[in-house]
Protein chains: 4
Amino acid sequence: MKKIAIFTSGGDAPGMNACVRAVVRSAIYYGLEVYGIRHGYDGMIRGEISQMQSYSVSNIIQKGGTILKSARSKEFMTKEGRAKAYDQLQKYGIEGLVAIGGNGTFTGASIFYEEYGIPAVGAPGTIDNDLYGTDYTIGYDTAVNTALDAIDKIRDTADSHDRIFFIEVMGRDSGYIAIQSGIGGGAELVMVPETFTPIGEVIKTLEEGWSRSKSSFIIIVAEGESGGATEVGTTVKKHFPDADIRITNLGHIQRGGSPTAFDRILASRLGVGAVEGLINGQQGVMVGIINNKLTYTPFRDCISLSKPISDELVRIVEILSI
Amino acid sequence: MKKIAIFTSGGDAPGMNACVRAVVRSAIYYGLEVYGIRHGYDGMIRGEISQMQSYSVSNIIQKGGTILKSARSKEFMTKEGRAKAYDQLQKYGIEGLVAIGGNGTFTGASIFYEEYGIPAVGAPGTIDNDLYGTDYTIGYDTAVNTALDAIDKIRDTADSHDRIFFIEVMGRDSGYIAIQSGIGGGAELVMVPETFTPIGEVIKTLEEGWSRSKSSFIIIVAEGESGGATEVGTTVKKHFPDADIRITNLGHIQRGGSPTAFDRILASRLGVGAVEGLINGQQGVMVGIINNKLTYTPFRDCISLSKPISDELVRIVEILSI
Amino acid sequence: MKKIAIFTSGGDAPGMNACVRAVVRSAIYYGLEVYGIRHGYDGMIRGEISQMQSYSVSNIIQKGGTILKSARSKEFMTKEGRAKAYDQLQKYGIEGLVAIGGNGTFTGASIFYEEYGIPAVGAPGTIDNDLYGTDYTIGYDTAVNTALDAIDKIRDTADSHDRIFFIEVMGRDSGYIAIQSGIGGGAELVMVPETFTPIGEVIKTLEEGWSRSKSSFIIIVAEGESGGATEVGTTVKKHFPDADIRITNLGHIQRGGSPTAFDRILASRLGVGAVEGLINGQQGVMVGIINNKLTYTPFRDCISLSKPISDELVRIVEILSI
Amino acid sequence: MKKIAIFTSGGDAPGMNACVRAVVRSAIYYGLEVYGIRHGYDGMIRGEISQMQSYSVSNIIQKGGTILKSARSKEFMTKEGRAKAYDQLQKYGIEGLVAIGGNGTFTGASIFYEEYGIPAVGAPGTIDNDLYGTDYTIGYDTAVNTALDAIDKIRDTADSHDRIFFIEVMGRDSGYIAIQSGIGGGAELVMVPETFTPIGEVIKTLEEGWSRSKSSFIIIVAEGESGGATEVGTTVKKHFPDADIRITNLGHIQRGGSPTAFDRILASRLGVGAVEGLINGQQGVMVGIINNKLTYTPFRDCISLSKPISDELVRIVEILSI
């Protein structure tokens, strides 16, 4: 293998740049030429490809977003689109791919690998931490800290006014961000899609809290749970019309920001691991870290299997919210 | 004057604790006894009053919210309520009040002063910076920096995906937070209630930007302007159905957080100024800082007059967004 | 077991409060009475002991330092001191201890347990991450992020002025903080006590960098390595008298600050684990997390065995600094 | 005037990039061509000059340091050096200069203007806030907030261990950073060069504090005062050998970091003001903001006159540290 290419795809996540940097520098370290593809699969089709040097990735480790930009590509979902993409890669002589992204990204890479045999190693880049085959995804730790920072700020106001806050955090169908930011933020209740929380339990939490003279509450709602914070908060409001209830959605701030140390190091390890994987003949796999060791999991498993939420953490929320 | 009391009222703002600390310590410094009233006017009526010492305010200067808590009081709007409040103050021998809050707070203090003659000095505590009689209100600088930090994060995502973001910031009828966070965040457009921005101008901004190869946009919308970000964003979306438009509301994080240096120092100066004002015979006034000098403005002016937004800043947005 | 006590000892670390909170609340959850001992072993001797309730630990999860305070105790190193401490515990009927701290703390707890048979479970609280028996210690992730934030700031100046910075980070005899903040900060070289770095290698790094047109450098030096940043920087300065070399020691900021999400969750898990350990008959052990699972390691192993630094991380520094 | 150039010189300060951006965009807005000179006067001599466009300054408003880089130039202090610089400017047809920096920068610009008649407007960029002719300099607010953040962290440790901390902050001969970060950080004492503080007063502060049961202390020492924190701390240590005294120097972190909202807006206003000044015939002046209004002060006054520290702030430290 002499030439590889790197791209980012799907929703951006803090630490993607640190991973791009690690891929570029480790490729050069191992004597490969490395190309950057802009705008994900769309750019691959359109030939937005250029060689990268060590200095191309100077001073980006601390930056949120992705310097290679990301895009969703409808065209790559068609056979014609993928044929064009293959032609572009051939033009540059690219023999291997590193794809940073999530499920959609790996589905594309998997089909492309089956059709054209270009080896690809994926690196898990998504704030949702919902990927099988790795304990942590790039961007997750930063997103949790961003959510936590917001929760800390909102608690100031909740305490000062004896208010009940329903705070919605990201995570699509996964409760990872919710459970960790909830524990970290000292939330009174965390509602995640993995374990259904009936409205009755929310009401019980509030009533029990009031009986213990608790006057302010933080309730974290994962976006995929029961219609999110708006629906849950509105229902509870009907039950306690006199309570001072506020609903807030943390929104897109959770995707941005300078990555934490954890994410920069994770991204660096995965980037080096992806390149070393390609060199060692890995293909059609995602590099991940399980129990602190680099591992390679076939794309098909990453895509089809789901990562359960930690029972221990669910239990800890219950114990610590008393 | 021997005994004074301090309370916070209305929406909480970062730096209120720094101001409470300054009032307590300067009162003691000048030989006064000082009492804290919890839960604003409501607590005054219910007698939630206790003496404070120098150590009562240790280690609070960096805390968001207000340790004295805040509440809105319907009862204080009635003659009976104010009579009860007066009785409570009499019980403790309180001869002067420092009220930290905004317009509603000062209206209450003003009526109370007219009815019972208890001298009151107000300190401007609101993130909105919408008070006549001071260049800056306590909490404003922190709120702007919180909004700015969020905008910086969102720009990561906007850039990575070539997106248009409509971001709503707080400020009620005032565009102060919007204009400053917009300039600081390098926004392409800032929409404030003080100067109506027709939708046509938003459309022109986008079209001109695209013609100059700009691919991502940040548009800041003050909550009081044209229905906020949701309405503006939705209208624009109808005009450009293919554009990747996102709408986000920064929400309650803008009220919390550890105050900035600016707010801590402002709050400290105003707290000392409020106590010195009471000692020097000020009554029925708000202490403020205009052109870097302490000033005292009658409550009636603070309540009835409005503070215009800076023409210079409006012009700077236009110049720098090219 | 009916009554247990909790204390913090040794150098403080961010997340200690989150751990105290978890111990108090999980003890109450499991029906135990829980007491807080202030000022570590010193306070145990002097009887600074009082019962804690669920609300005693409200709103502390986000605070740096330790609300129970910490102190080094010479008296506890004597037989007489420990006898006094035992008498105090007897007075309150305390049957189990949770000790948050590092090596010194556990040595004390171990001797005390052997002499008086009071079961103790330790929780690893130190920013240095140098304890055998756990992958991470409480405070480490926060310290790394604080160091990283400082390195990011210093790189602004290094880049603007084409300077070489030697930055000293904490860690005593351990290079953990150095290696992680070095990778995260994109340092050109990281010098850790675990692997001796001859000055010749520093010189080579600079010369090779200059030959590749690199004009600014960040070199991280662990405090335990070759006399620290001052000695290394001064020696290099003699070699390159015209280079613009600056030396800075990050110092005590690394011990403080609001804990990161990672540290709050780690501390919460370890606090719950410590109490559950005591209830289940653990004694003379430290609770830790290895490969994401709670484990209990005898104090004697924690004290006598050392935790090696990761070879993978050492290699990654070399690869990514090209 | 058709063509102007912009450069940064002297120590870098957060917000310089925001000022560069404002100069470039406002110049283009007013129909001028604008050139960037890299590495200050040194780059002017060597001809490191290139035209800038609106997009050249995209996405830099939030960055610390200066994209134009800074350097000290010995050669520009010679007649020959300045002659070369003039020739370079002639080559590009540059008719006006904007110089961002401090005293040294303006001295150079002033001499150059006298010798060659090229109009120059200076913008005050230094964290020290020690320039006559403006209430605030670019970078000062950020530096104060960085120092404050560090002080907040150190107080965690000081409180947990009942320690006395002597913290040195930057400011050269000026106590501005010290006084503001001291008030904001709730310091027990602030030692600034403008008002000599005898060691006896430090000792009195500690003894009085202890008599009021205060157990931890933060004492801020400006770098220009009495030999800095090291000398003051060491002397006090001799007086109280049993006290747990720590000395720390915040160092270079104070120069870096993303600028605060205040600094970004200040820098934007001054950048626009500098260009409008040049257009309106200003020459040999520094643009500043006094009482919230743009002003132009002759270089000679900025260089020769000194800005006194605020008496009000000195008094506030005394009142609030009780």
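What counts and what doesn't
Residues numbered from 1 in each chain as written. Chains lettered and ligands numbered in written order. Predicted model: local features only at pLDDT ≥ 70, side-chain atom pairs only at ≥ 80, totals over all residues. Heavy atoms only, no water. Contact = heavy atoms within 4.5 Å. Buried area = accessible area lost by both parts, 1.4 Å probe. Salt bridge = Lys/Arg side-chain N within 4 Å of Asp/Glu carboxyl O. Polar contact = N/O pair within 3.5 Å; in protein donor to acceptor, adjacent residues only side chain to side chain. Helix = DSSP H or I, 4+ residues; strand = E, 2+ residues; numbered from the N terminus. Expected span 1.5 Å × (residues − 1). Buried < 20%, exposed > 50% of the residue type's maximum accessible area, 1.4 Å probe, protein only. Core = buried A, V, L, I, M, F, W, Y, C linked by side-chain atoms within 4.5 Å. Patch = residues over 30% accessible without salt bridge, like charges linked within 9 Å, V, L, I, M, F, W, Y side chains within 5 Å. Areas by Shrake-Rupley, 256 points an atom, 1.4 Å probe, with all protein chains shown as cover. Pairing = 2+ DSSP bridges. Axes fitted to C-alpha atoms, helices over the stretch in contact; angles between N-to-C directions. Least-squares fit on C-alpha atoms with pLDDT ≥ 70 in both. Domains from an automatic or database assignment. UniProt positions renumbered as here; feature names shortened; annotations may be inferred. Arc of directions from axis to C-beta. Phe/Tyr/Trp six-rings, centres within 6.5 Å; stacked < 30°, edge-to-face > 60°. Lys NZ or Arg CZ within 6 Å of the ring centre and 35° of its normal.

> Break down the interface of chain C and chain A for me, citing the residues and quoting the values.
Counting residues at the interface gives 44 residues for chain C, matched by 44 residues for chain A. Interface area, chain C with chain A, both sides summed: about 3,800 Å², of which 56% is carbon and sulfur. For the pair chain C and chain A, the number of links is six salt bridges. As a salt-bridge pair, D152 of chain C and R264 of chain A come within 2.7 Å of each other at their nearest N and O atoms. Linking chain C with chain A are 17 residue pairs in polar contact (both at pLDDT 80 or more), by the criterion used here.

> I'd like a rundown of the environment of T234 of chain A, residues and numbers included.
Residue and element names in this part refer to chain A. The topology assignment puts T234 in helix 8 (residues 228–239). Spatially, the C-alpha atom of T234 lies 47 Å from that of L97, the residues being 137 residues apart in sequence. Every residue in contact with T234, bar those within four places of it in the chain, is listed here: A229 and I247. A distance of 2.5 Å separates a polar atom in the side chain of T234 from the backbone oxygen of T230.

> Outline helix 4 (residues 103–116) of chain A, supporting the account with residue identities and numerical values.
Residues and elements named next belong to chain A. Taking 1.5 Å of rise per residue, the 14 residues of helix 4 would be expected to cover 20 Å, and the 20 Å separating its terminal C-alpha atoms lies within 8% of that figure. Taken together, the buried positions of helix 4 are T105, F106, G108, A109, S110 and F112. Positive phi shows up at G117, right after helix 4, with a value of about 70°.

> Please set out the nonpolar core residue by residue, giving values where relevant.
Counting 276 residues, the largest nonpolar core has I6 of chain B, I6 of chain C together with I6 of chain D as the members making the most contacts within it. Discounting chain neighbours no more than four positions away, the residues touching I6 of chain C are V20, V23, V24, V34, Y35, G36, I37, M52, L68, V98 and I100 of chain C.

> Could you give an account of the environment of Y132 of chain B, with specific residues and numbers?
Residues and elements named next belong to chain B. Checked against the element boundaries, Y132 lands in the loop between strand 5 (120–124) and helix 5 (140–161). A relative accessible area of 31% means that Y132 is categorised as partly exposed. Spatially, the C-alpha atoms of Y132 and G288 are 9.0 Å apart, while their sequence positions differ by 156 residues.

> Hey, could you go over the pattern of salt bridges for me, with residue numbers and the actual values?
Throughout the structure, instances matching the rule amount to 72 salt bridges over all chains. The shortest N-O distance in the salt bridge between E48 of chain A and R46 of chain A comes to 3.4 Å. For E48 of chain A, a relative accessible area of 23% gives the class partly exposed. Of the charged contacts, one joins E188 of chain C and K214 of chain C as a salt bridge, the two residues approaching to 2.9 Å between their closest N and O atoms. Taken together, the residues E188 of chain C in the loop between helix 6 (176–184) and strand 7 (189–191) and K214 of chain C in the loop between helix 7 (199–211) and strand 8 (217–222) connect sequence positions 26 residues apart. By relative accessible area, which is 7% here, E188 of chain C ends up buried. In the salt-bridge network here, residues are joined through shared partners; they are R38, D42, R46 and E48 of chain A.

> Account for a nonpolar patch on the surface, with residues named and values stated.
Residues and elements named next belong to chain A. Together, Y29, Y30 and I279 make up a nonpolar patch on the protein surface, roughly 250 Å² of accessible area in all. The topology assignment puts I279 in helix 9 (residues 261–279). The exposure class assigned to I279 is partly exposed, which follows from its relative accessible area of 38%.

> Any chance you could break down the sheet that holds strand 6 (residues 164–169) of chain A for me, citing the residues and the numbers?
Residues and elements named next belong to chain A. The sheet built from four strands is open, its strands ordered 7-8-6-9 with parallel pairing. Each edge of the open sheet carries a strand with a single partner, namely strand 7 (189–191) and strand 9 (245–249). Averaged over all pairs of adjacent strands, the angle between their axes in this sheet comes to 20°, without regard to strand direction. Both strand 6 and strand 9 contribute to a ladder of five bridges, which runs parallel.

> So, the relation of the copies chain C and chain A: which residues are in play, and what are the values?
If you rotate chain C by 180° and push it 0.0 Å along the axis, it lands on chain A with an RMSD of 0.0 Å. Both copies of the chain, as the preceding transformation shows, are related through a two-fold rotation axis. For chain C, the residue whose C-alpha comes nearest the rotation axis is N291 of chain C, separated from it by 2.3 Å.

> Can you break down the domain arrangement of chain A residue by residue, with the values?
A common way to express how large an interface is: the accessible area buried when the components associate. All names here are of chain A. Taken domain by domain, chain A holds domain 1 (3–139 + 259–304) and domain 2 (143–255). Domain 1 and domain 2 are separated by 35 Å when their C-alpha centres are compared. Taken together, the contact between domain 1 and domain 2 spans 10 residues of the former and 10 residues of the latter. Both faces combined, the contact of domain 1 with domain 2 buries some 890 Å², and carbon together with sulfur accounts for 46% of it.

> Outline unusual backbone geometry, listing residues and values.
Positive phi is not limited to glycine here, since D162 of chain B has a value of about 50°. If you trace the backbone, D162 of chain B turns up in the loop between helix 5 and strand 6 (164–169).

> An account of the pairing of strand 6 of chain B is requested, with residue identities and associated values reported.
All names here are of chain B. For strand 6, the buried fraction is high: six of the six residues fall into the buried class. The two faces of strand 6 match: I164, F166 and E168 on one face and F165, I167 and V169 on the other face are all buried. Pairing between strand 6 and strand 8 (residues 217–222): six bridges, direction parallel. If you follow V169 over to strand 8, its bridge partner there is A222.

> Give me the lowdown on the side chain of H39 of chain A, citing residues and values where you can.
Within the element layout of this structure, H39 of chain A appears in the loop between strand 2 (33–37) and helix 2 (40–46). For H39 of chain A, a relative accessible area of 12% puts it in the buried group. For H39 of chain A, the side chain forms a polar contact with the side chain of D162 of chain B, separated by 3.1 Å.

> Can you tell me about the sheet that holds strand 4 (residues 96–101) of chain B, naming the residues and giving the values?
Residues and elements named next belong to chain B. Sheet architecture is open: seven strands sit in the order 3-2-1-4-5-10-11, paired in mixed fashion. Of all the strands in the sheet, just strand 3 (49–52) and strand 11 (293–298) have a single pairing partner and so form its edges. Taken over all neighbouring pairs, the strand axes of this sheet differ in orientation by 30° on average, direction set aside. Sitting on the sheet, helix 3 (residues 79–92) is in contact with strand 1 (3–8), strand 2 (33–37), strand 3 and strand 4, with an inclination near 35° to strand 3. Helix 4 (residues 103–116) contacts strand 1, strand 4, strand 5 and strand 10 (285–290) of the sheet and is inclined by roughly 160° relative to strand 4.

> Can you tell me about the side chain of E276 of chain A, naming the residues and giving the values?
Among the secondary structure elements, E276 of chain A is positioned in helix 9. Setting aside residues up to four positions removed in sequence, E276 of chain A forms contacts with Y30 and Y296 of chain A together with R315 and I319 of chain C.

> So what's going on with the UniProt feature "binding site: ATP" (unreviewed entry) in chain A? Which residues, and what values?
Residue and element names in this part refer to chain A. Within the UniProt annotation, "binding site: ATP" (unreviewed entry) is assigned to G11, R72, S73, G102, N103, G104 and T105. The annotated residues occupy 95 residues of the chain but converge on a single region, no pair of C-alpha atoms lying more than 14.0 Å apart. By the element assignment, R72 lies in the loop between strand 3 (49–52) and helix 3 (79–92). Judged by relative accessible area, R72 falls into the exposed class, the value being 64%. The contacts of R72, once residues within four sequence positions are left out, are G10, G11 and D42. Looking at the element boundaries, G104 is found in helix 4.

> Provide a residue-level description of helix 11 (residues 311–320) of chain C, including the pertinent values.
Within helix 11 of chain C, the full set of buried residues consists of E312, L313, I316, V317, I319 and L320 of chain C. The buried side chains of helix 11 of chain C occupy one side of the element, clustering within an arc of 165° when seen end-on. Turning to helix 11 of chain C, the residues buried within the fold contact helix 1 (16–29), helix 9 and strand 11 (293–298) of chain A together with helix 6 and strand 7 of chain C. Two or three places before E312 of chain C, at the opening of helix 11 of chain C, S310 of chain C has a side-chain oxygen 3.2 Å from that residue's backbone nitrogen.

> An account of the packing of aromatic side chains is requested, with residue identities and associated values reported.
Taken as a whole and judged by the stated rule, the model has 51 aromatic pairs over all chains. Ring centres 5.3 Å apart and planes at 50° place the aromatic pair F112 of chain A and Y116 of chain A in the tilted group. Remark: Y116 of chain A and F112 of chain A occur in helix 4; sequence separation between them is four residues, near one turn of the helix. Classification of F112 of chain A as buried rests on a relative accessible area of 1%. Where Y136 of chain C meets F262 of chain C, the ring centres are 5.0 Å apart and the plane angle is 80°; that geometry is what we call edge-to-face. Taken together, the residues Y136 of chain C in the loop between strand 5 (120–124) and helix 5 (140–161) and F262 of chain C in helix 9 (residues 261–279) connect sequence positions 126 residues apart. The exposure class of Y136 of chain C is partly exposed, given its relative accessible area of 25%. Through a chain of ring-to-ring contacts, three or more aromatic side chains come together here, namely F7, Y41, F76, Y86, F112 and Y116 of chain A. Directly above the ring of Y176 of chain A sits K307 of chain A, whose terminal nitrogen or CZ lies 5.2 Å from the centroid.

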